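Below, each chain spelled out in residue letters.
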Amino acid sequence: MKVEYSEHIKNRLKFREIDYDLPKIIFEQSEDKYFDTETGYFIAVMNVDLYNKNREVMVAYTFYEDYVTLFTIHPLKEGQKEKRINTGRWREI
């Protein structure tokens, strides 16, 4: 499947000094995938080395007929993923 980056995620990558390929890697390799009931986006979460630490990083994306667009990326704060799952905001897919 073709993967496209939104302008927003491109800007976030530059601003946060994150490797350009990381969002695609997280999308393709993550085993933790969710649907965000608040935003309507799908979410992929994966532990990666970022800023000299191992941390959970999320990528928000959506599917289209023949491609996927990755919208944003950011490191999660400790407990943030669990809180969103427990409140029902993120539903496992």
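Use the structure listed above.
Below, the structure is looked at part by part. It should be emphasised that the depicted structure is a prediction, and the values quoted were computed from it without experimental measurement.

Details of the packing of aromatic side chains
Counting across every chain of the model gives 10 aromatic pairs. Taken together, a centroid distance of 5.3 Å and an interplanar angle of 65° make the contact between Phe35 and Phe42 edge-to-face. Looking at Phe35, the relative accessible area reads 27%, which means it is partly exposed. Taking 4.8 Å as the distance between ring centres and 25° as the angle between the ring planes, the aromatic pair formed by Tyr64 and Tyr67 counts as stacked. The rings of Phe27, Phe35, Phe42, Tyr61 and Phe63 are connected pair by pair, giving a single aromatic cluster.

Let's talk about the side chain of Thr72
Residue placement: Thr72 occurs in strand β5 (residues 67-75). Assessed through its relative accessible area of 18%, Thr72 is described here as buried. Polar side-chain contacts of Thr72 include one of 3.1 Å to the side chain of His8. Filtering out sequence-adjacent residues up to four positions away, Thr72 remains in contact with His8, Ile9, Arg12, Met58, Val59 and Ala60.

Examining helix α2 (residues 22-29)
Those residues of α2 that fall on the buried side of the exposure criterion are Leu22, Pro23, Ile26 and Phe27. Projected down its long axis, α2 carries its buried residues within an arc of 135°, all on one side. Against β1 (2-5), α1 (7-16), β2 (32-36), β3 (42-50), β4 (53-63) and β5 lie the buried residues of α2.

Procedures and definitions
- Residues numbered from 1 in each chain as written.
- Predicted model: local features only at pLDDT ≥ 70, side-chain atom pairs only at ≥ 80, totals over all residues.
- Heavy atoms only, no water.
- Phe/Tyr/Trp six-rings, centres within 6.5 Å; stacked < 30°, edge-to-face > 60°.
- Buried < 20%, exposed > 50% of the residue type's maximum accessible area, 1.4 Å probe, protein only.
- Helix = DSSP H or I, 4+ residues; strand = E, 2+ residues; numbered from the N terminus.
- Polar contact = N/O pair within 3.5 Å; in protein donor to acceptor, adjacent residues only side chain to side chain.
- Contact = heavy atoms within 4.5 Å.
- Arc of directions from axis to C-beta.

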